[in-house]
Amino acid sequence: IGLPARTIETVEKTIFEQETAAADASRFTDADDGFHRALVEAIGIHQLWAVLEREKVQFDRVRFLSIGAATPVDVIVRQHRAILDAIRRQDPAAAEAAMHEHMAEVLTATRTLLALHPDLIVE
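A brief look at the structure comes next. Within each chain, residue numbers correspond to sequence positions counted from 1 in written order. Under the rules for a predicted model, residues below a pLDDT of 70 receive no local features and side-chain atom pairs below 80 are neither given nor counted, while totals for whole chains, interfaces and linings still include all residues. Side-chain figures throughout are based on the complete set of non-hydrogen atoms in the structure, without hydrogens or water.

## With respect to the overall build of the protein chain
Turning to step 1, where the next piece is worked out: Note on conventions: DSSP H or I runs of at least 4 residues are helices, E runs of at least 2 residues are strands, and numbering of each starts at the N terminus. Secondary structure assignment for the protein chain yields 6 helices and 0 strands.
Turning to step 2, where the next piece is worked out: Scanning the protein chain from its N terminus toward the C terminus, one meets helices and strands in the order α-α-α-α-α-α.
Turning to step 3, where the next piece is worked out: Throughout, radius of gyration means the C-alpha value; the globule benchmark is 2.2 Å times the number of residues raised to the power 0.38. In terms of C-alpha radius of gyration, the protein chain reaches 15 Å, essentially the compact-globule figure of 14 Å for 123 residues.
Turning to step 4, where the next piece is worked out: In terms of overall dimensions, the protein chain has C-alpha extents of about 45 × 30 × 25 Å along its principal axes.
Turning to step 5, where the next piece is worked out: Burial here depends on accessible area, computed with a 1.4 Å probe over protein chains only, as a share of the maximum for the residue type. Under 20% is buried, over 50% is exposed, and the range in between is partly exposed. Across the 123 residues in the protein chain, those meeting the buried criterion constitute 34%.

Encoded structure:
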């Protein structure tokens, strides 16, 4: 039960990379992708990442705009740590709650970006 040690190490590494890339949106986003990809691949649905890559173009646009301006990097890192901690504890309820909070951040960031850049975000 839980994730393989190798996946845990990969996820920890991506979180560390996010912390060290806080001022570089491109590097931060690459590390963020690494975090999500490691989890997706760990659950054994390898083709899911290919679908996500193809469909996340608009989401990436929001991520680049929001890093720092609408979503502080430390918030994302804290959320990722909460997800990983819940997985380590093998606590599905806590993992679900942490994932829900993390996914809701997109809506919060989008609302903030809409106020900051009404010409770039379509409601």
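Structure shown, so let's carry the discussion forward.
## Examining the pattern of salt bridges
Turning to step 1, where the next piece is worked out: We define a salt bridge as a side-chain nitrogen of Lys or Arg found within 4 Å of a carboxyl oxygen belonging to Asp or Glu. Taken as a whole and assessed by the stated rule, the structure comprises 7 salt bridges.
Turning to step 2, where the next piece is worked out: The partner of Arg88 in a salt bridge is Asp85, and the shortest N-O contact between them spans 3.5 Å. Here Arg88 and its partner Asp85 are both found in helix α5 (residues 73-88), 3 residues apart, which amounts to about one turn of the helix.
Turning to step 3, where the next piece is worked out: With a relative accessible area of 35%, Asp85 lands in the partly exposed category.
Turning to step 4, where the next piece is worked out: Each of Glu12, Asp85 and Arg88 takes part in a single network of salt bridges with overlapping partners.

## Here's the deal with the packing of helix α2 (residues 25-42) against helix α3 (residues 46-55)
Turning to step 1, where the next piece is worked out: Axis angles are defined between N-to-C directions and span 0 to 180 degrees, where every axis is a line fitted to C-alpha atoms and, for a helix, only to the segment in contact. Contact geometry of α2 with α3 gives a least axis separation of 8 Å together with a crossing angle of 145 degrees. The interaxial crossing formed by α2 with α3 has right-handed handedness. For the pair α2 and α3, contact is made by Asp33, His36, Arg37, Val40 and Glu41 and by His46, Leu48, Trp49, Leu52 and Glu53, respectively.
Turning to step 2, where the next piece is worked out: The nonpolar class holds Ala, Val, Leu, Ile, Met, Phe, Trp, Tyr, Cys and Pro. Asp, Glu, Lys and Arg form the charged class, and all remaining residues, Gly among them, are polar. Here the contact of α2 with α3 is composed, by residue class, of 4 nonpolar, 2 polar and 4 charged. Working rule for handedness: look at the near helix, and if it is turned counterclockwise from the far one by less than a right angle, call the crossing left-handed; if clockwise, right-handed. Residue contacts follow a heavy-atom distance rule, with two residues in contact if any of their heavy atoms lie within 4.5 Å.

## Observations regarding α5
Turning to step 1, where the next piece is worked out: Each helix should span, by expectation, one fewer than its residue count multiplied by 1.5 Å. With 16 residues, α5 ought to run about 22 Å at 1.5 Å a step, and its terminal C-alpha atoms sit 22 Å apart, in line with that.
Turning to step 2, where the next piece is worked out: Check the buried side of α5 and you find it contacts α1 (5-20), α2 and α6 (92-116).

## Description of the environment of Val73
Turning to step 1, where the next piece is worked out: As for its placement among the helices and strands, Val73 is situated in helix α5.
Turning to step 2, where the next piece is worked out: In this structure the C-alpha to C-alpha distance between Val73 and Ala22, which are 51 residues apart in sequence, comes to 6.1 Å.
Turning to step 3, where the next piece is worked out: Sequence-distant contacts of Val73, that is, excluding residues within four places in its chain, are made with Gln18, Ala22, Phe28 and Ile67.

## What about α1?
Turning to step 1, where the next piece is worked out: When the terminal C-alpha atoms of α1 are compared, their 23 Å separation across 16 residues agrees well with the 22 Å that a helix rising 1.5 Å per residue should span.
Turning to step 2, where the next piece is worked out: Along α1, the positions that sit buried rather than exposed are Thr7, Ile8, Val11, Thr14, Ile15 and Gln18. Down the axis of α1, the sector holding all buried residues measures 125 degrees, keeping them to one side. Within α1, the exposed residues directed more than 90 degrees away from the buried face are Ala5, Arg6, Glu9, Lys13 and Phe16.
Turning to step 3, where the next piece is worked out: Its buried side turned inward, α1 meets α2 and α5. What the arc covers is the set of directions going from the helix axis to the C-beta atoms.

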